Structure formats: structure tokens, C-alpha cells
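Observations on the model geometry
Residue strings, one per chain:
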Amino acid sequence: MKEEQSRKRRRGKHKKPQKTQPSLLPKHSTKLHKKTHQQKNPAHQSSSSSSSLKSSSFLDKMKARLAGGHFRMINEKLYTCTGKEALDYFKEDPELFDMYHAGYQEQMSHWPELPVNIIIKWLKERSSSLIVADFGCGDARLAKNVKNKVFSIDLVSNDPSVISCDMSNTPLRPSSVDVAVFCLSLMGTNYASYLKEACRVLKPSGWLLIAEVKSRFDPNNGGADPNMFSKAVCEMGFTSALKDFSNKMFVLLYFKKKENKSSNGREIEWPELKPCIYKRR
Ligand code: SAH
């Protein structure tokens with residue numbers, strides 16, 4: 001998947017219409033299953049059937065283009081508002097969440113490797129007694145693929161096992177989880193408050209696993225300085241355990257919560273994390 005580095009295509013700027021608009025919907029959803037009169041009756045299989053095929057493919061393209069536009073709009077919204085605003089946005093129209101996730105899955109289908117699978121593998125290599133909180137769980141793929149007890153958290157719940165809330169304010173008890181996961185979910189402008197919430201619910205020596213889109217941590221392209229980000233997380237009461245920049249699409253930053261929080265009382269300086277704006281395909 002290609003992910004746009006600059007913001008020149010963002011809403012409000014002049015855009016040139018593009019020639020090709022491949023689908024952002026799952027491919028099966030754009031197929032026409034109903035047989036037309038012409039298809040049932042071979043005598044009519046001539047230019048009229050080919051023109052109806054042409055118009056259906058035109059319609060499919062238009063639908064895909066609209067779906068892609070909706071996805072990009074919702075995605076940009078989530079990266080440029082607070083978690084509270086995002087919660088209100090989806091509360092007003094929960095269908096937007098499904099639209100977002102259809103587009104998200106389409107984008108992910110172009111990634112050679114999914115960070116959530118790496119985190120699943122990491123968990124499988126450890127004791128299944130570890131309690132996990134998956135902040136911004138999406139379709140709860142993580143919970144579905146491990147034996148651990150997982151608290152899946154997202155803005156909207158389409159599944160009774162998912163806790164729907166803004167993840168800066170979860171119903172989890174303090175010091176109650178062993179692993180807090182943020183897989184491509186540090187979206188809100190107030191992302192630091194999500195990490196503070198994770199710190200609150202993590203037990204001492206608990207793990208904080210972060211996977212984020214690589215360009216958001218690429219200072220040469222307007223991204224944040226990963227060292228500054230890591231320093232801010234450590235000041236909150238963690239030690240850095242792993243920084244993995246080997247994947248083309250995402251970075252992995254793992255931390256361990258300190259046994260004893262030794263705050264120096266200074267305000268933590270969090271770098272701004274730029275939105276991840278997806279390209280039209
Ligand atoms: N972790 C999943 C989904 C990533 S998409 C995966 O790797 O596949 C990011 C998810 O974070 C979305 O489902 C979005 O709704 C959620 N999210 C973003 N901000 C949130 C917030 N403030 N509170 C709860 N969930 C949030």
C-alpha cells in the first residue's frame with residue numbers, strides 16, 4: 001500500500017480528477033449476480049448485452065469511487081479530531097464506522113504483512129495467562145486469534161465482546177492488564193491521553209506494544225522524531241524495550257512499564273503525529 005507523504009491532496013485543495021479509480025470495496029461486493037433478460041436469452045446476446053455490461057462496470061467504478069472517497073474522508077476526520085469528537089461522530093451515524101472499516105480492510109489487503117499478526121505472534125510466544133487490552137481493536141482480530149483474555153476497545157462495538165468507548169477513558173481497572181496494544185490506532189490529536197490511559201491500566205512491568213504507520217515516524221517527511229516520541233513515553237514511566245524499523249509499512253515500538261513510577265513532575269513534551277492520509281488507488 002502506498003501512503004501519501006505530503007498533504008497536498010487534502011480536502012480543501014484543488015484536485016485534478018484522476019483517470020482510474022480502482023475499487024475500495026471488497027471485490028465480491030461489486031459483482032452483479034442477477035441475470036439480465038439478455039443473459040437468459042442467448043438470442044439477445046448482442047450489442048445490448050455488452051452495453052449493459054459496460055454500464056454496470058461504470059456503475060461499479062462509481063460506487064467504488066464513492067466508497068473510497070468516504071473512507072478517506074472518515075480517515076482524515078479521525079486523524080484530525082480528538083477521541084471524544086470521534087466518539088460523537090460515530091454515535092451520530094454508526095454506519096460511518098462500517099464504511100471506514102470496509103475501506104481500511106481494502107487498504108490493508110495491499111500490505112505484505114499486517115502489524116496485528118506480528119503482535120499475535122508475539123503473544124502466542126508468551127503465556128496465555130497474560131491479560132491484554134487492545135486499544136482501537138477494529139474488527140477484534142487480535143482477540144479472535146489468541147487464547148489470552150483480551151479487552152477489545154473501540155469507538156463502536158458491532159460485537160458484544162468489544163467495549164465501545166473513547167480509549168482515553170476506559171472502564172478498565174487500574175493495574176489490571178499485562179499487555180496494552182495500540183496497533184495503528186494512535187489516531188486522535190490527543191493520542192498522549194490514550195497512552196496515559198494505557199499506563200493507568202497496566203500492571204507494573206506490563207508491556208506497551210505500539211505499531212504505527214512508518215511515515216508518521218519519518219522526520220525527513222514531516223513525521224515525528226521517533227526518539228522524541230520514545231523519550232516522552234519513557235518519561236511517563238516506561239523503559240524502551242524494542243524499536244523495529246525493518247518493515248517498509250510500519251514501525252514497532254515496545255515498552256515496559258517501570259516497577260515504580262518516578263515522575264519528575266515536568267510536563268511531557270509529546271511530538272505531533274501527522275495524519276496518515278491514504279492515496280486514491
Ligand atoms: N488495531 C486494528 C484496527 C486499526 S484501525 C488493526 O490493527 O487492524 C484504528 C482503530 O482505532 C479504528 O477502529 C478506530 O475506530 C480506533 N480508534 C481510533 N481512535 C479511537 C479512540 N479514541 N477510542 C477508541 N478507538 C479508537
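The name given to the protein in an unreviewed UniProt entry is Ribosomal RNA-processing protein 8, with the source organism recorded as Gossypium barbadense. Looking at the Function (unreviewed entry) heading of the UniProt record, one finds this comment for the protein: "Probable methyltransferase required to silence rDNA."

We now examine the overall build of the protein. Regarding its fold elements, the protein presents eight helices and nine strands. If you take every contact in the protein between residues at least 6 apart in sequence, the share linking residues at least 24 apart comes to 69%. Total accessible area computed for the protein in this model is approximately 15500 Å², and 53% of it derives from carbon and sulfur atoms.

So, on to the site of the ligand. Taken together, 18 residues form the shell around the ligand, and within it His101, Gly136, Asp154, Asp166 and Met167 come nearest. In the environment of the ligand, an oxygen atom lies 3.3 Å from a nitrogen or oxygen atom belonging to the side chain of Tyr104. Met167 has a polar backbone atom sitting 2.9 Å from a nitrogen atom of the ligand. Protein contacts shield 97% of the accessible area of the ligand, which totals 570 Å² for the unbound molecule. When residues of the shell around the ligand are assigned to their parent elements, the largest contribution, three residues, is made by helix α4 (residues 95-108). Residue-level mapping places the shell around the ligand at the junction of two domains, with at least three residues from each of domain 1 (58-108) and domain 2 (113-257).

Right, let's talk about the pattern of salt bridges for a bit. Scanning the entire structure with this criterion turns up six salt bridges. Among the ionic pairs, Lys203 bridges to Asp178, the shortest N-O distance being 3.2 Å. Placement of the pair is Lys203 in strand β6 (residues 202-213) and Asp178 in strand β5 (residues 177-183), with a sequence separation of 25 residues. Residue classification places Asp178 among the buried positions, given a relative accessible area of 15%.

With the rule as written, the count across this model stands at 13 aromatic pairs. Grouped by ring-pair contacts, the aromatic residues Tyr191, Phe217, Phe229 and Trp270 constitute a single cluster. Just above the ring of Trp207 sits the side chain of Arg126; from NZ or CZ to the centre is 6.0 Å.

The subject of this paragraph is the pairing of strand β2 (residues 132-135). Both faces of β2 are covered, namely the face carrying Val132 and Asp134 and the face carrying Ala133 and Phe135. The pairing of β2 with strand β3 (residues 150-154) spans four bridges and is parallel. Note on β3: the bridge partner recorded for Val132 is Val150. Sheet topology places β2 next to β5; four bridges connect them, and they run parallel. When the bridges of β5 are listed, Asp134 appears paired with Val181.

Attention shifts here to the pairing of β3. Most of β3 is tucked away, with four of its five residues classed as buried. The pairing of β3 with strand β4 (residues 162-164) spans three bridges and is classified as parallel. When the bridges of β4 are listed, Ile153 appears paired with Ile163.

A few words on helix α3 (residues 83-92). Those residues of α3 not exposed but buried are Gly83, Ala86, Leu87, Tyr89 and Phe90. Take α3 and look down its axis: the buried residues cluster within an arc of 160°, on one side only. Seen from the open side of α3, the exposed residues pointing more than 90 degrees away from its buried face are Lys91 and Glu92.

Attention now moves to the sheet that holds strand β7 (residues 238-244). Within the open sheet, the seven strands sit side by side as β4-β3-β2-β5-β6-β8-β7. Their pairing is mixed. Only two strands of the sheet have a single neighbouring strand rather than two, namely β4 and β7. Going from strand to strand, the sheet's axes swing by 20° on average, the running direction of each strand aside. Docked against the sheet, helix α8 (residues 226-235) engages β6, β7 and β8 (250-257), running at close to 150° with respect to β7.

Next up on the list: α4. Since the α-helix packs 3.6 residues into each turn, any two residues three or four apart lie on the same face. Counted at 1.5 Å a residue, the expected span for α4 with its 14 residues is 20 Å, and the 20 Å between its end C-alpha atoms agrees. Where α4 is concerned, the buried positions are Leu96, Phe97, Tyr100, His101, Gly103, Tyr104, Glu106, Gln107 and Met108.

The subject of this paragraph is the confidence of the model for the protein. Confidence in the prediction for the protein averages 84 pLDDT; 80% of positions are at 70 or higher. Note that pLDDT drops below 50 for residues 1-46; the model gives that stretch 66 contacts with residues more than four away or on any other chain.

The next point concerns a negative patch on the surface. Taken together, the side chains of Glu92, Asp93, Glu95 and Asp98 make up a negatively charged region of the molecular surface. Checked against the element boundaries, Asp93 lands in the loop between α3 and α4.

Rules and cut-offs
- Residues numbered from 1 in each chain as written.
- Predicted model: local features only at pLDDT ≥ 70, side-chain atom pairs only at ≥ 80, totals over all residues.
- Heavy atoms only, no water.
- UniProt positions renumbered as here; feature names shortened; annotations may be inferred.
- Helix = DSSP H or I, 4+ residues; strand = E, 2+ residues; numbered from the N terminus.
- Contact = heavy atoms within 4.5 Å.
- Areas by Shrake-Rupley, 256 points an atom, 1.4 Å probe, with all protein chains shown as cover.
- Near = heavy atom within 4 Å.
- Polar contact = N/O pair within 3.5 Å; in protein donor to acceptor, adjacent residues only side chain to side chain.
- Domains from an automatic or database assignment.
- Salt bridge = Lys/Arg side-chain N within 4 Å of Asp/Glu carboxyl O.
- Buried < 20%, exposed > 50% of the residue type's maximum accessible area, 1.4 Å probe, protein only.
- Phe/Tyr/Trp six-rings, centres within 6.5 Å; stacked < 30°, edge-to-face > 60°.
- Lys NZ or Arg CZ within 6 Å of the ring centre and 35° of its normal.
- Pairing = 2+ DSSP bridges.
- Arc of directions from axis to C-beta.
- Axes fitted to C-alpha atoms, helices over the stretch in contact; angles between N-to-C directions.
- Expected span 1.5 Å × (residues − 1).
- pLDDT = per-residue confidence, 0-100.
- Patch = residues over 30% accessible without salt bridge, like charges linked within 9 Å, V, L, I, M, F, W, Y side chains within 5 Å.
- Lys, Arg positive; Asp, Glu negative; His and termini not counted.
- Charge placed at Lys NZ, Arg CZ, Asp CG, Glu CD.

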